[in-house]
Amino acid sequence: MKKAIRLLCLSLALLLSMTIVHAQDFNKHFVDSTLRIDYILSGDVNSQHIALEGMSRMPGWHGKHQRLTEIPVHGAATIEMRLAATGEMIYLHTFSTLFQEWLDLDDAHLAPKAFECVELLPMPRDSVVVTVNLYNHRHEVRATINHKVYPTDATIVHKGETDVPQYVVLNKAADPERAINIALVAEGYTLEQMQDFLNDCQKGVEGLFGFEPFKAMRHRFNVIAVLTPSRDSGPSIPSEGVWHNTAIGSSFDTFGIPRYLTTLRIKQMHDALAGTPYEHIIVMVNTDRYGGGGIYNTLNLLMTKHKLFIEVLVHEFGHSFACLADEYAYEGEEPNDFPLNIEPWPKNITTLTEFGAKWQDLMPSDDATISITDDKNLDTKTIGLYEGAGCVLHGVYRPTPNCMMKTLKIPEFCPVCSRAIQQLIDFYTK
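Since the structure is predicted, the reported quantities are computational estimates derived from the model, not experimental observations. (Residues numbered from 1 in each chain as written. Predicted model: local features only at pLDDT ≥ 70, side-chain atom pairs only at ≥ 80, totals over all residues. Heavy atoms only, no water.)

Novice: Can you lay out the overall build of the chain for me, pointing to particular residues and giving the numbers?
Specialist: Broken down by element type, the chain carries six helices and 19 strands. Across the 430 residues in the chain, those meeting the buried criterion constitute 53%. The long-range fraction of contacts in the chain, counting pairs at least 24 apart against all pairs at least 6 apart in sequence, stands at 64%. Accessible area of the chain: about 19300 Å², with a carbon and sulfur share of 53%. (Helix = DSSP H or I, 4+ residues; strand = E, 2+ residues; numbered from the N terminus. Buried < 20%, exposed > 50% of the residue type's maximum accessible area, 1.4 Å probe, protein only. Contact = heavy atoms within 4.5 Å. Areas by Shrake-Rupley, 256 points an atom, 1.4 Å probe, with all protein chains shown as cover.)

Novice: Explain the sheet that holds strand β1 (residues 30-43) residue by residue, including any values.
Specialist: The mixed open sheet is built from four strands, whose spatial order is β5-β1-β2-β8. Edge positions in the open sheet fall to β5 (113-124) and β8 (157-158), since each of these has one partner strand only. Relative to strand β2 (residues 48-59), β1 is paired through 11 bridges, and the arrangement is antiparallel. Counted as the bridge partner of L35 is R57 from β2. Contacts between helix α4 (residues 266-273) and the sheet are confined to β1, β2 and β5, with β5 contributing the most and set at about 35 degrees to the helix. (Pairing = 2+ DSSP bridges. Axes fitted to C-alpha atoms, helices over the stretch in contact; angles between N-to-C directions.)

Novice: Which residues make up unusual backbone geometry, and what are the values?
Specialist: With glycine set apart, most residues show a phi of negative sign, and most peptide bonds adopt trans. A cis amide bond, omega 5 degrees, links E212 with the succeeding residue P213. The residue P213 is located in the loop between α3 (194-208) and β11 (221-226) in this model. Residue R67 is not a glycine yet carries a positive backbone phi of 50 degrees. Position of R67 relative to the elements: it lies in the loop between β2 and β3 (77-83). Taking the relative accessible area as the measure of exposure, R67 reaches 35% and is therefore partly exposed. In this structure, D163 takes a positive phi of about 55 degrees despite not being glycine.

Novice: I'd like to hear about the nonpolar core, residue by residue, with values.
Specialist: Within soluble globular proteins, side chains that are nonpolar generally end up buried alongside one another. Counting 58 residues, the largest nonpolar core has Y39, M81 and V130 as its most contacted members. At six residues, β5 tops the list of elements feeding residues into this core. Non-local contacts of M81, meaning those with residues more than four positions away in its chain, are made with F30, L35, E88, M89, I90, Y91, L121, P122, P124, V128, V129 and V130. (Core = buried A, V, L, I, M, F, W, Y, C linked by side-chain atoms within 4.5 Å.)

Novice: Would you mind going over the pattern of salt bridges in detail, with residue names and values included?
Specialist: Enumeration over the complete set of coordinates arrives at 14 salt bridges. The partner of K159 in a salt bridge is D271, and the shortest N-O contact between them spans 2.9 Å. Note that K159 is positioned in the loop between β8 and β9 (167-171) and D271 in helix α4, a separation of 112 residues in sequence. R218 is the salt-bridge partner of E206, the closest N and O atoms lying 2.8 Å from each other. Remark: R218 occurs in the loop between α3 and β11 and E206 occurs in helix α3; sequence separation between them is 12 residues. One salt-bridge network, held together by shared partners, links R36, D38, K159 and D271. (Salt bridge = Lys/Arg side-chain N within 4 Å of Asp/Glu carboxyl O.)

Novice: Any details on the sheet that holds strand β19 (residues 391-398)? Residues and values, ideally.
Specialist: Spatial ordering of the open sheet is given by β17-β19-β18, a layout of three strands whose pairing is mixed. Edge positions in the sheet fall to β17 (329-330) and β18 (386-389), since each has one partner strand and no second. Where β18 lies against β19, three bridges are found, and the strand directions are antiparallel. The residue bridging Y386 from the neighbouring strand is R398, located in β19.

Structural data, given as structure tokens:
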């Protein structure tokens with residue numbers, strides 16, 4: 001019994017020491033504030049550029065406090081912070097952008113365009129060099145910027161210290177220091193519709209945490225609803241000549257796709273959230289028109305008045321939070337996003353070039369030989385290689401016949417997507 005008690009004490013002491021080390025690692029280089037950096041991404045299919053537009057400081061840091069120089073999955077862009085004096089890396093983060101999506105369109109061959117980009121970093125104690133890299137589909141750097149940040153720089157604007165928008169806590173994590181912080185933002189709700197917005201948020205939260213693995217890991221999330229009233233009710237619909245004045249300027253018809261609901265006003269969105277405890281953003285759009293969009297570690301927009309509200313929320317959060325790819329395919333689509341001799345970053349699709357690092361360990365057979373399986377009349381959880389994913393019919397494969405990332409008719413994630421989500425949650429909270 002005494003031996004068991006000693007072992008328990010040692011285990012608790014080790015756990016405590018690990019917690020202290022994580023805290024010391026963060027506090028060594030950072031203060032409890034957020035450095036917001038605004039960039040302009042511009043160019044066309046032939047040449048891309050990144051320009052620094054401005055910096056601001058906001059109270060509190062609501063991102064990761066441990067594994068500061070690690071990333072759980074690679075996105076289409078990275079941002080890193082190094083000490084100016086020594087070159088030591090002290091922070092690394094990954095994300096994707098709407099600009100990079102646009103570069104795959106015919107429009108990008110016609111004339112250059114510019115897109116806003118906002119990144120949140122922990123506020124450094126000392127001078128640092130920040131580097132942003134944008135990658136192409138072959139994982140090659142297509143644009144980069146290096147710039148210094150001096151914490152005492154008088155041009156760093158202070159935001160979120162006054163006139164903080166009202167918000168309501170909808171879900172509280174068991175350990176606020178090891179939590180994932182999500183803000184639900186009102187878009188296209190007038191001041192008189194704020195209670196309606198809160199009702200939709202509560203429905204959305206219960207819906208999201210009704211899906212595994214989010215359900216079992218609900219205690220690791222902080223979720224707030226931010227009351228950002230709009231002058232007009234509902235988003236803009238350019239194809240119908242509808243232009244509304246809303247909190248973050250959301251619009252259907254992005255890139256000419258009727259159901260693609262996004263916003264180009266990224267700075268306006270972050271201004272609306274300044275001072276609130278947020279990292280991941282879900283924009284709740286007051287419309288019954290079907291649509292949405294999710295961009296990894298950038299934002300997630302969706303309609304709240306459609307019957308598929310919850311399903312779209314969960315699917316798009318799979319994109320924006322977990323970097324999961326779509327598992328459906330379109331006839332005639334070319335594999336622009338996923339060159340067939342390069343392994344894609346998302347963990348739920350493969351081109352077979354490095355399949356061993358994906359879900360081969362979950363295949364039902366002990367035989368390591370990769371086989372292409374037919375998805376007809378198979379259980380939705382039968383793990384294999386099913387051709388047609390990432391919007392491409394041939395050469396890109398998904399892990400199961402059906403999944404929330406393939407069709408909204410399946411009310412669950414497949415085992416491969418579930419594992420990817422759980423690993424990501426563990427990365428940020430353990």
